[in-house]
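One letter stands for each residue in the lines below.
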Amino acid sequence: MTDKDPQPRRRAGETALLATIPEAEPLVGALRRRYDAAAGAGVPAHVTVLYPFLDVSRIDAGVIGALAGLLARHEPFEVEFARCGRFPDVLFLAPEPAAPFVALTEAVAGRWPEAPPYAGKFDGSDPHLTVAYDREPVSFAPGTYDAVEAELRPGLPVRARVASVGLFVCDETERWHQRQVFPLGGGAGTPGS
């Protein structure tokens, strides 16, 4: 994915659209809390649909309505996480099929081209559920990814149903909170917790 740039600080008002995967929490929860700072900041196990999305100051009733309508055009789907994958600084679970996640990302990014996935830093969309993310100033010991992967393997596959996308907002303490849930396949968005 990237070379080891220092981890940028999250900014209050940043938003993300995430397909949460609660079925994965029993397997990945403790590992994510140890090896992925996002877990400690309130981000559950997920596959990113779009990050960063619009600044929270731009998200009004019109954006909420447009998101609800756009996401409602996509049907809920079943997904399986049966294998691990790696980027240079990430160990992840790979979703199969990945195409429904790609379709969600392309639809939202197509509607809001000013919010390209990962701020345009990477080409294309490669859906994944991050388990371990090694970014400076953290530096994992050699073999960490191998050990984490060995711990994950006996618990695979994880099967899940993706029926919604959540809007998450970063606050001034760099913690993330779910603000809204958008059902796939119809229905109105509901407030998050």
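Summarised in this report is the structure supplied together with it. (Residues numbered from 1 in each chain as written. Predicted model: local features only at pLDDT ≥ 70, side-chain atom pairs only at ≥ 80, totals over all residues. Heavy atoms only, no water.)

**Digging into the environment of Ile 21**
Along the chain, Ile 21 falls in the loop between β1 (15-20) and α1 (25-35). Judged by its relative accessible area of 0%, Ile 21 falls in the buried class. For the pair Ile 21 and Val 47, spaced 26 residues apart in the sequence, the C-alpha separation amounts to 7.4 Å. Other than its neighbours up to four places away in sequence, Ile 21 contacts Ala 45, His 46, Val 47, Phe 81, Leu 129, Ala 160 and Val 162. (Helix = DSSP H or I, 4+ residues; strand = E, 2+ residues; numbered from the N terminus. Buried < 20%, exposed > 50% of the residue type's maximum accessible area, 1.4 Å probe, protein only. Contact = heavy atoms within 4.5 Å.)

**Some thoughts on helix α3 (residues 61-72)**
For α3, built from twelve residues, the straight-helix expectation of 16 Å at 1.5 Å per residue is met to within 8% by its first-to-last C-alpha distance of 16 Å. Within α3, burial applies to Val 63, Leu 67, Ala 68, Leu 70, Leu 71 and Ala 72. Looking at the packing, one finds that the buried side of α3 touches β1, α4 (99-111), β7 (164-170) and β8 (176-183). (Expected span 1.5 Å × (residues − 1).)

**Thoughts on the sheet that holds strand β4 (residues 90-96)**
Think of a sheet as strands paired side by side through backbone hydrogen bonds, with each pair either parallel or antiparallel. If you trace the four strands from one edge of the open sheet to the other, you get β5-β4-β3-β6, paired in antiparallel fashion. Strands with a single pairing partner mark the edges of an open sheet, and in this sheet they are β5 (129-133) and β6 (158-162). Shown here is a sheet whose adjacent strand axes are inclined to one another by a mean of 30°, direction ignored. As paired elements, strand β3 (residues 77-87) and β6 share five bridges and run antiparallel to each other. For Phe 77, the partnering residue across the bridge sits in β6 and is Val 162. (Pairing = 2+ DSSP bridges. Axes fitted to C-alpha atoms, helices over the stretch in contact; angles between N-to-C directions.)

**Some points on unusual backbone geometry**
Residue Pro 97 follows Glu 96 across a cis peptide bond; omega there is 0°. By secondary structure assignment, the location of Pro 97 is in the loop between β4 and α4. Residues other than glycine seldom take positive phi values, yet Ala 119 does so here, at roughly 55°. Along the chain, Ala 119 turns up in the loop between α4 and β5. In this structure, Glu 174 is a non-glycine residue whose phi angle is positive, near 65°. With respect to the helices and strands, Glu 174 occurs in the loop between β7 and β8. Taking relative accessible area as the criterion, Glu 174 reaches 22% and is therefore assigned partly exposed.

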